[in-house]
Amino acid sequence: MDINALRGYEVPPERYVPKFANNRDAAEPFAILHKPLIRGYQHEWFELLAQDEERREGSDKTARATVEILKSAEIDGNAYRSRFIRAHVVGAEGITDEGSPIALEALWDLLDEVVDLGAEVMTHVLFGGVLTEDDAKN
């Protein structure tokens, strides 16, 4: 095998059929195609969780402080989910946009807009996905 083939190799995308909106029970369920988990995004997720914990511990525990912490966590979480989706989701099967297969940018926007669906896909990749062999060793 040529060395350039090895350097250019990409793991084939995984296929995930979301539960969202009873999709799995549909006559023709849709699927999301995604890359395996990119380890740096898992680290960033853990950092976000740690930041939220630090905010809670450092607050004065009032209702106003709790609301501010939750707002900040939501903003950070939404931005992370959007970046995560764009880094991992590479396509879809069975989703159309006015009769044509959905474009990748439109799919990303859909997963941002339909928060529960985007969160399900992100959670699947983060916790149900497969790590590369090197990442699994760490």
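Given the structure is predicted, the values throughout are model-derived calculations rather than measurements.

**Q** Please clarify how the packing of aromatic side chains should be interpreted in this entry.
**A** Each aromatic ring pair is described using two quantities: the centre-to-centre distance and the angle formed by the ring planes. This model, assessed by the stated rule, comprises four aromatic pairs. On the basis of an interplanar angle of 90° and a centroid distance of 5.8 Å, the ring pair of Tyr-41 and Phe-84 is categorised as edge-to-face. With Tyr-41 in helix H2 (residues 39-58) and Phe-84 in helix H3 (residues 63-88), the pair connects residues that are 43 residues apart, well separated along the chain. Judged by relative accessible area, Phe-84 falls into the buried class, the value being 1%. Seen from their ring centres, Trp-45 and Tyr-80 are 5.6 Å apart, and the 40° between their planes marks the pair as tilted. In this pair, Trp-45 is assigned in helix H2 and Tyr-80 in helix H3, connecting sequence segments 35 residues apart.

**Q** Could you clarify how one ought to interpret H2 in this entry?
**A** Because each turn of an α-helix spans 3.6 residues, side chains separated by three or four positions in sequence point in the same direction. For H2, with 20 residues, the first-to-last C-alpha span of 29 Å sits near the 28 Å given by 1.5 Å per residue. Along H2, the positions that sit buried rather than exposed are Arg-39, Tyr-41, Gln-42, Leu-48 and Asp-52.

**Q** How should I be thinking about the packing of H3 against helix H5 (residues 115-128) in this particular structure?
**A** Any two packed helices are characterised by the angle at which their axes cross and by the distance between the axes. Look at H3 against H5: their axes get within 10 Å of each other, and the N-to-C directions meet at 60°. Between H3 and H5 the crossing geometry is left-handed. In this structure, H3 uses Tyr-80, Arg-81, Phe-84, Ile-85 and His-88 to contact H5, whose residues at the interface are Val-115, Gly-118, Ala-119, Met-122, Val-125 and Leu-126. Among the residues making up the contact of H3 with H5, the classes are represented as eight nonpolar, two polar and one charged.

Basis of the calculations
Residues numbered from 1 in each chain as written. Predicted model: local features only at pLDDT ≥ 70, side-chain atom pairs only at ≥ 80, totals over all residues. Heavy atoms only, no water. Phe/Tyr/Trp six-rings, centres within 6.5 Å; stacked < 30°, edge-to-face > 60°. Helix = DSSP H or I, 4+ residues; strand = E, 2+ residues; numbered from the N terminus. Buried < 20%, exposed > 50% of the residue type's maximum accessible area, 1.4 Å probe, protein only. Expected span 1.5 Å × (residues − 1). Axes fitted to C-alpha atoms, helices over the stretch in contact; angles between N-to-C directions. Left-handed = near helix turned anticlockwise from the far one by under 90°. Contact = heavy atoms within 4.5 Å. Nonpolar A, V, L, I, M, F, W, Y, C, P; charged D, E, K, R; others polar.

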